[in-house]
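Here is what each chain is made of, one letter per residue.
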Amino acid sequence: MKLLVVCGWLAMLSIKSVMAESLVPHLRWYIVNDSVMGGISNSKMTIEQNEMSFTGQLSLANNGGFASVRAQLMREMGEQQQISFKVKGDGRVYQFRLRTSDRMDGIAYKVEFKTKGNNKWQQFDFNANDFVASFRGRIINNAPRLQFADVSQLGFLIADKNLSPFKLIISDISVSK
C-alpha cells in the first residue's frame, strides 16, 4: 500500500494507482526564514499546476543564511517505512526536514539532497534511518530515533551560504510501506 499526504490527512491508495495530480497543493504550506532570528534572507512559495515553487535568496547579514517552507500534518503518517518526493532544482543542496513537534522551534530530523539543475525531475526516497536529528544547525546525537508515525511537520530548507537566487520545484510527496 502507498499512503499519500492530502490536505494534511493520509489517504490510502494501491501502489498501482495513478495520481493525476500532485499532492503538494493540498497541504498548508508556510514560510519560515532566518528573519525569526534577525536575518534578512527572503523566500516565497507559489503553487501552480499542482507543483510548489520555493524561490528566494539567502543573506548572511545579521548571522542569517537560511530559508524554508513547511507544512503541518493533521494526522500521523502511521507505520510507513519510506517517504518520497520529486523535485526540479538548481544544482544546489537542500534539506528535507521532518518534525515530531507542532512547535515552530525544536528538533528537526533532516536529510540533505543535491539537485541537478537541469530542469528534469529527480525522485528522492528516504527511510527513517536516513534522517539526522538537528537543532539550529547542530547535530543532536542523543535525540530519539525518528519514527515516521511521530511526524507532525515536513518541509524543505536551504542554508548553503550561496547568495545567488534559488529555485526548487516540489511535487508528489508520498509515504509508503
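Located above this text is the structure these notes cover.
Rules used throughout
- Residues numbered from 1 in each chain as written.
- Predicted model: local features only at pLDDT ≥ 70, side-chain atom pairs only at ≥ 80, totals over all residues.
- Heavy atoms only, no water.
- 1 Å grid on protein atoms, 1.4 Å probe; cavity = no way out; pocket = protein on both sides within 12 Å on 5 of 7 lines; lining within 4 Å.
- Points joined across faces, edges and corners; volume = space filled by probe spheres on them.
- Helix = DSSP H or I, 4+ residues; strand = E, 2+ residues; numbered from the N terminus.
- Nonpolar A, V, L, I, M, F, W, Y, C, P; charged D, E, K, R; others polar.
- Core = buried A, V, L, I, M, F, W, Y, C linked by side-chain atoms within 4.5 Å.
- Buried < 20%, exposed > 50% of the residue type's maximum accessible area, 1.4 Å probe, protein only.
- Contact = heavy atoms within 4.5 Å.
- Phe/Tyr/Trp six-rings, centres within 6.5 Å; stacked < 30°, edge-to-face > 60°.
- Polar contact = N/O pair within 3.5 Å; in protein donor to acceptor, adjacent residues only side chain to side chain.

Let us now look at the layout of surface pockets. To find leftover empty space, one rolls a probe the size of a water molecule over the atoms. Estimated volume of the largest pocket: approximately 710 Å³. In this structure, the largest pocket is lined by 30 residues; those nearest its centre are M37, F66, R136, G137 and L157. Of all the secondary-structure elements, those providing two or more residues to the lining of the largest pocket are strand 6 (67-72), strand 8 (93-99), strand 9 (108-114), strand 11 (132-135) and strand 13 (153-158). Its residues placed into classes, the lining of the largest pocket shows 13 nonpolar, 10 polar and 7 charged.

Core analysis: the biggest nonpolar cluster contains 35 residues, and F96, F113, F131 and F156 have the highest contact counts within it. Of all the elements in the fold, those that place two or more residues in this core are strand 5 (51-57), strand 6, strand 7 (82-88), strand 8, strand 9, strand 10 (122-126), strand 13 and strand 14 (166-176). By residue number, the principal contributor to this core is strand 14, which donates 5 residues. Those residues in contact with F113 that lie beyond four places of it in its chain are F85, V87, R92, V93, Y94, Q95, F96, F124, F126, F156 and L168.

The next thing to look at is unusual backbone geometry. Backbone phi values are negative for most residues with the exception of glycine, while trans is the configuration of most peptide bonds. Positive phi, close to 60°, is recorded for N119, a residue that is not glycine. Assignment of secondary structure puts N119 in the loop between strand 9 and strand 10.

What follows covers the packing of aromatic side chains. Considering all chains together, one arrives at 16 aromatic pairs under this definition. Considering the side-chain rings of F124 and F126, the 6.2 Å spacing of their centres and the 5° angle between planes classify their relative orientation as stacked. Between the aromatic rings of F126 and F131, the centroid separation amounts to 6.1 Å while the plane-to-plane angle is 70°, which identifies the pairing as edge-to-face. We note that F126, like F131, is buried.

This part is about the side chain of R70. Along the chain, R70 turns up in strand 6. Residue class for R70 comes out buried when judged on its relative accessible area of 8%. Of the polar contacts made by the side chain of R70, one reaches the side chain of Q153; its length is 3.4 Å. Setting aside its immediate chain neighbours within four residues, R70 contacts R28, W29, Y30, V32, R99, R103, M104, Q153, L154 and G155.

Fair warning: the whole summary comes from geometry, so function is off the table for now.
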